[in-house]
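Listed below, chain by chain, are the residues.
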Amino acid sequence: MTRRHFRNFIFFPFSALVIIVILIWIATPFIAKHYLTTFFQEQGEEASVDSISVNFFPPKIDVKNLVVTKQQQETLSLKRATFEVEIWPLLTRTVRISEANIDGFEIALAQQEKDWIVAGINTSQFLAEETEEKDPTVEETPSENSAPWSINLPVFSFTDSQFHLSRQPDSNTPAQLDSLTLKELVVKDLSGQGESWNGEINLSALVNQARFSVSSLFDYSPDKTSLDVKIEDTILPINSFQHFIPEPYNKTIGKLGLDGQFQLEQTQVNNEPFIEIKQLVLNSVIEDLDLSLNTEERIQTKSTALSISQSDIQFTSAEQLKATANVTLKSQDLSFNQEDIIASYESFDFENAVSVEINEGLLTAQNNQLSINIQGLKGTLEEEKKVSIEAISLTAEEINADIDNQQAPSIIGTNLQFESTFFDSFLTDDKRIASFDKAGFNGLSFTQQGEAFDVALDLLAVDNLTFSEALTASGESQKTLPALTHVSKIQVQNIKADSKGASIDSIVSDAVKVNTIISPNKTLANLVFQEEQDSESTSNALPPASLQGSGSPKASDAQHAIENTPNAEQEPAFKAPYYVALKSFDITGESAVYVQDQSIKPALQRTLNIDTLSLRDLNTQDKEQATVLSLKARNGKYSTLDSDITIWPLADELTMQSTLVIKEAELPPYSSYIANALGYQIDSGQLNLDLKLDADNGELDGNSHVLLRQFNLGGRQESSSVIKAGAVPLNIAVGILKDSDDNIDLDIPLSGNVNNPEFGWKSFLVQPVRTALYKVSSNYLMQTFIPYANVITIAQFAGEQLLKVRVEPLMFTPEEAQLNSSQDTFLEQLVALMKDKEESQLKACGVTSYVDLGFEQPPAELNDEMKEQALRLAQERADNLKEFLVEQGIDSSRILICSPEVDLSRSSQPRVELNF
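Residues numbered from 1 in each chain as written. Predicted model: local features only at pLDDT ≥ 70, side-chain atom pairs only at ≥ 80, totals over all residues. Heavy atoms only, no water.

> I'd like a description of the overall build of the protein chain, backed by residues and values.
Check the secondary structure of the protein chain and you find eight helices and 42 strands. Per-residue burial for the protein chain yields a buried fraction of 33% across its 916 residues. A separation threshold of at least 6 residues defines the contact pool for the protein chain, and within that pool the share at least 24 residues apart is 57%. If you sum the accessible surface of the protein chain, you get close to 54900 Å²; carbon and sulfur atoms cover 54% of it. (Helix = DSSP H or I, 4+ residues; strand = E, 2+ residues; numbered from the N terminus. Buried < 20%, exposed > 50% of the residue type's maximum accessible area, 1.4 Å probe, protein only. Contact = heavy atoms within 4.5 Å. Areas by Shrake-Rupley, 256 points an atom, 1.4 Å probe, with all protein chains shown as cover.)

Quick look at the structure:
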């Protein structure tokens, strides 16, 4: 090639091409800026840009400081944008973007009814309708030789940018403003071809004031997808997206914190998409939440945190799922309001390892190491009914459930432990339903499927149980009535139960206190939740006709019906009764039953102290099993009750062996109960009873030995059982039954059938008239009682050889019930007299004077409260005297306490009347 040819065909054309490229490179920024500003001017906006740099080798665009304004308001701004593409990979159908950065991008977006305005430009003008229709017979087929382009992006960054969104779907409503701030969006190692892509994305952004940060590695193809996601530093104040929430929930306030990570893989298994989520870790917390469910329901919490770890989830679209996770939930100061119901707790902690599997309609759920702890649980219903529990704890080794559409659901629990402390419940502020200090159970295991179940429990315990207690409105410190029942401790051991029956090894109740307070209208005054009932309708109510005159079906009847059912698949007419087997029941400690009956005058107040109450071998399934009941109790210090009963509960007719021994039971306190029947008040008397009664298949055999000491009747009492004309008056009948010691001693045999008892009178001593009059010289009597002159006084009737012997009363200081030193001489002589006369019995009757009540003159009458106070003082005086005499060695059975009295006569004095 000659030099001329080189210049003409190579050098000059190449130089011209270079010059043209340089001119284009120099002109391009000016042309681009011109068309850019012209475009925005056509849209009624102004645009300015510091520089637009365009390179061709390699292709690169660099834009700096672009600002678009409309009516002096910025609608779009860009600090810098850079894009660079490598040339040589284009030859292999690969787009490699070596540099891609956007920094400081800010744009205004607005939705006005159906139009979208982007950077001040209404986009509806660009949405032209397509007028050309495609020929449906012509199909576009891709070229067989064409291959999809590959894209490779090492790094793309989008930083410090903001999107301002204004939404006004309806012109009648105010616009809603939101902002999205991209602190950083980084795409790394993005590569893909066709439908297959992989890369890494890191996003840190703000939505209004909500902050979140997400990073992800992804690898996508039509056959397999893998995703590795990490969420951190995410805080979402609810008010930042409050207007996106529908009513009434859009009034919710609070803050949600979230962080976690997971791996997701999707593959094809049997032409079904198979999705697996592995290594799921999620930590979320809601703080200061105030959620309105509706106008009357509200949930509030200071802090509620949910944590999920070691979680794996596998599922397909064919109703197959398998998931495992460790779940932890911690919540503080949560409250729930619903109409007139308020519930709250101070803290709630939940931990559980759960596994769930669903396969062809079968759901299997396994819960391991379950733990629930609740502190400060409170509830209020209708502003008055309240319940509170200081702490609740529940743990379980496992709770498993199987739910199958083909059969009844099944649930299994192993080794559940439960404990609750300081439970309290109120019907109103002054009516406590029940309370306890501590209650719980240990070692509960159970299985249940349909109606069949099996339960085993090692121990059930309750401490300081109180039931039905009336309080004053001002609080517990001012109790007006004792609780109906209080038990220091209840322990039930080794319970086993199934659908047929239950067995219990032992029940122990310690320090049981039962207080029966009968009001003047004959209701339980300390039963707080009793309701007024129509007494007439209640008394006239009858059981259904089908139940009248019929007994409960026995186990033998049920077994007979089952055995004689024609079809084995047919349900029997009735099933065997649910059986109960109890090996032992004991009441221990200082247990008592207190009775206060205000419906009678004077009011009865008695306490039965239970020394022993035990039940052994109760079994409603074994007909041959005998049950043994034993009771030992005391009323005061001297009256005792001792009973032993052996009974066969399932015998066809009553079969038992029983003994009952009562000693030194004072009768006057019970006078009001039997006055209507006797026609007389009981003035004094003491009962001893020795009863032995056996029953063999309903045939009775026994004997009752009754001893009534110093049994005397007082004045007549009008009653419904009026003594018939011609009958011996009761007071005379009592008199003729007494022996020389002024006692009534009877042996009463018991015989006959339980359905028609016959009581035979074996023998008793009848004394119609006391015929023996003892004539004793007055000198002898005087000499006999001279050493006891302070206790016994003797007066001789003038002109007659008759003596009047009088026992002096024991005088007391007004308002005092205790013995004092001024009574020492009298008491010394009284003790000496009773020791000297060993066969004598002393009757002591307490008397209260008007001076005991603070009156200077006898009042016309006393109100019920004063009368009750006076009788109580009189009773205390007699009781204190008896206690003193017993301490001095006098047998308690020789001292009988009669009914207390109130003496309002002008000359009355505080005293205890004595009589031998």
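So, next bit.
> Would you mind going over the packing of aromatic side chains in detail, with residue names and values included?
All told, the structure shown has eight aromatic pairs when counted by the stated rule. Joined through ring pairs, the aromatic side chains of Phe-105, Phe-156, Phe-158 and Phe-163 make up one cluster. (Phe/Tyr/Trp six-rings, centres within 6.5 Å; stacked < 30°, edge-to-face > 60°.)

> Explain the side chain of Ser-240 to me, and be specific about the residues and the numbers.
Its place among the elements puts Ser-240 in the loop between strand S11 (225-237) and strand S12 (253-269). Given a relative accessible area of 3%, Ser-240 falls into the buried group. A polar contact is formed between the side chain of Ser-240 and the backbone nitrogen of Ala-210, at a distance of 3.4 Å. For Ser-240, the residues in contact, after removing those within four places along its chain, are Asp-178, Val-207, Asn-208, Gln-209 and Ala-210. (Polar contact = N/O pair within 3.5 Å; in protein donor to acceptor, adjacent residues only side chain to side chain.)

> A description of the state of the cysteines should follow, citing residues and the corresponding values.
One pass over the structure, following the stated rule, counts one disulfide. Each sulfur of the disulfide joining Cys-845 and Cys-898 lies 1.7 Å from the other. Highlighted residues: Cys-845 in strand S39 (residues 842-849) and Cys-898 in the loop between strand S40 (895-897) and strand S41 (901-903), separated in sequence by 53 residues. Across the pair, exposure class does not vary: Cys-845 and Cys-898 are buried alike. (Disulfide = S-S within 2.5 Å.)

> Tell me about the side chain of Ser-157, residues and numbers included.
By the secondary structure assignment, Ser-157 is in strand S7 (residues 150-168). For Ser-157, the side chain forms a polar contact with the side chain of Asn-101, separated by 2.5 Å. Apart from the residues within four sequence positions on either side, Ser-157 is in contact with Ala-100, Asn-101, Ile-102, Leu-185 and Val-186.

> Now, about unusual backbone geometry: what can you tell me, with residues and values included?
Glycine aside, residues mostly have negative phi angles, and peptide bonds mostly take the trans form. The phi angle at Ala-119 is positive, at roughly 50°, despite the residue not being glycine. Counting through the fold element by element, Ala-119 comes out in the loop between strand S5 (115-118) and strand S6 (121-122). Classification of Ala-119 as buried rests on a relative accessible area of 4%. Its identity is not glycine, yet Gln-310 carries a phi of approximately 50°, on the positive side. Structurally, Gln-310 is set in strand S14 (residues 297-316).

> Outline the confidence of the model for the protein chain, listing residues and values.
The pLDDT averaged across the protein chain works out to 81; a share of 80% of its residues lies at or above 70. Looking at the elements of the protein chain, mean pLDDT is at its lowest for strand S35 (residues 763-764), recorded as 33, and at its highest for strand S23 (residues 485-498), recorded as 95. In the model, residues 718-729 has pLDDT below 50 throughout and makes 13 contacts with residues more than four positions away in sequence or in other chains. (pLDDT = per-residue confidence, 0-100.)

> Give a description of the environment of Asn-122 that names residues and reports values.
The residue Asn-122 is located in strand S6 in this model. Distance from Asn-122 to Gln-112, taken between C-alpha atoms, is 9.7 Å for residues ten residues apart in sequence. Sequence-distant contacts of Asn-122, that is, excluding residues within four places in its chain, are made with Asp-115, Trp-116 and Ile-117.

> Could you give an account of the packing of helix H7 (residues 824-836) against helix H8 (residues 864-887), naming the residues involved and the relevant values?
Relative orientation of the contacting elements H7 and H8 amounts to 60°, with a least axis distance of 11 Å. In terms of their interaxial angle, H7 and H8 are classed as oblique. Every pair of crossing elements has a handedness; the one defined by H7 and H8 is right-handed. On H8, the residues that touch Leu-827, Leu-830, Val-831 and Met-834 of H7 are Leu-881, Phe-884 and Leu-885. Broken down by class, the residue content of the contact of H7 with H8 amounts to seven nonpolar, no polar and no charged. (Axes fitted to C-alpha atoms, helices over the stretch in contact; angles between N-to-C directions. Parallel < 35°, antiparallel > 145°, perpendicular 65-115°, else oblique. Left-handed = near helix turned anticlockwise from the far one by under 90°. Nonpolar A, V, L, I, M, F, W, Y, C, P; charged D, E, K, R; others polar.)

> Can you explain the environment of Leu-641? Please cite residues and give values.
Topologically, Leu-641 is positioned in strand S29 (residues 639-647). When the C-alpha atoms of Leu-641 and Lys-663 are compared, they prove to be 6.6 Å apart, with 22 residues separating the residues in sequence. Excluding residues that lie within four positions of it along the chain, Leu-641 makes contacts with Leu-631, Lys-632, Ala-633, Leu-660, Val-661 and Ile-662.

> How would you sum up the pairing of strand S4 (residues 94-112)? Please name residues and give values.
Sheet topology places strand S3 (residues 73-85) next to S4; nine bridges connect them, and they run antiparallel. When the sheet's bridge partners are listed, Val-85 is paired in S4 with Ile-97. Bridge count for S4 against S5 is four bridges, and the pairing is antiparallel. Bridge pairing in S5 places Leu-109 opposite Val-118. Taking the residues between adjacent antiparallel strands as the criterion, S4 and S5 are bridged by two residues, where Glu-113 takes a positive phi near 55°. (Pairing = 2+ DSSP bridges.)

> Before we move on, can you summarise the pattern of salt bridges with the specific residues and values?
Following the criterion strictly, the structure yields 21 salt bridges and no others. Across the pair Asp-611 and Arg-634 runs a salt bridge whose closest N-O atoms are separated by 3.0 Å. With a gap of 23 residues between them, Asp-611 in strand S27 (residues 604-619) and Arg-634 in strand S28 (residues 627-635) connect regions that are remote in the sequence. Overall, the relative accessible area of 38% leaves Asp-611 in the partly exposed class. (Salt bridge = Lys/Arg side-chain N within 4 Å of Asp/Glu carboxyl O.)

> Got a sec to walk through a nonpolar patch on the surface? Specific residues and values, please.
Residues Phe-453, Tyr-578 and Val-580 make up a contiguous nonpolar surface patch of about 240 Å² in total accessible area. Mapped onto the fold, Val-580 is located in strand S25 (residues 579-588). (Patch = residues over 30% accessible without salt bridge, like charges linked within 9 Å, V, L, I, M, F, W, Y side chains within 5 Å.)

> Provide a residue-level description of H7, including the pertinent values.
Counted at 1.5 Å a residue, the expected span for H7 with its 13 residues is 18 Å, and the 18 Å between its end C-alpha atoms agrees. If you check which residues of H7 are buried, you get Phe-826, Leu-827, Gln-829, Leu-830, Val-831, Leu-833 and Met-834. (Expected span 1.5 Å × (residues − 1).)

> With reference to specific residues and values, describe a negative patch on the surface.
Together, Glu-296, Glu-339, Asp-340, Glu-383 and Glu-384 make up a negatively charged patch on the protein surface. Inspection of the secondary structure puts Glu-339 in the loop between strand S15 (320-338) and strand S16 (341-359). (Lys, Arg positive; Asp, Glu negative; His and termini not counted. Charge placed at Lys NZ, Arg CZ, Asp CG, Glu CD.)

> Before we move on, could you go through the pairing of strand S2 (residues 59-70) and cite the residues and values that matter?
Summarising the sheet, strand S1 (residues 46-56) and S2 pair through ten bridges and their orientation is antiparallel. Looking at the pairing, Ser-48 lines up with Val-67 of S2. Between the antiparallel neighbours S1 and S2 lie two residues. Judged from the ten bridges that link them, S2 and S3 form a sheet pairing that is antiparallel. If you follow Lys-60 over to S3, its bridge partner there is Glu-84.

> Help me get a handle on H8, residues and values and all.
Between its terminal C-alpha atoms H8 stretches 35 Å, which fits the 34 Å expected from 24 residues at 1.5 Å a residue. All of the buried residues along H8 are Ala-870, Leu-871, Leu-873, Ala-874, Gln-875, Arg-877, Ala-878, Asn-880, Leu-881, Lys-882 and Leu-885. Structurally, the start of H8 carries an N-cap: the backbone nitrogen of Glu-865 is 3.3 Å from a side-chain oxygen of Asn-863. Remark: Gly-889 follows H8 within two positions and exhibits a positive phi of approximately 100°.

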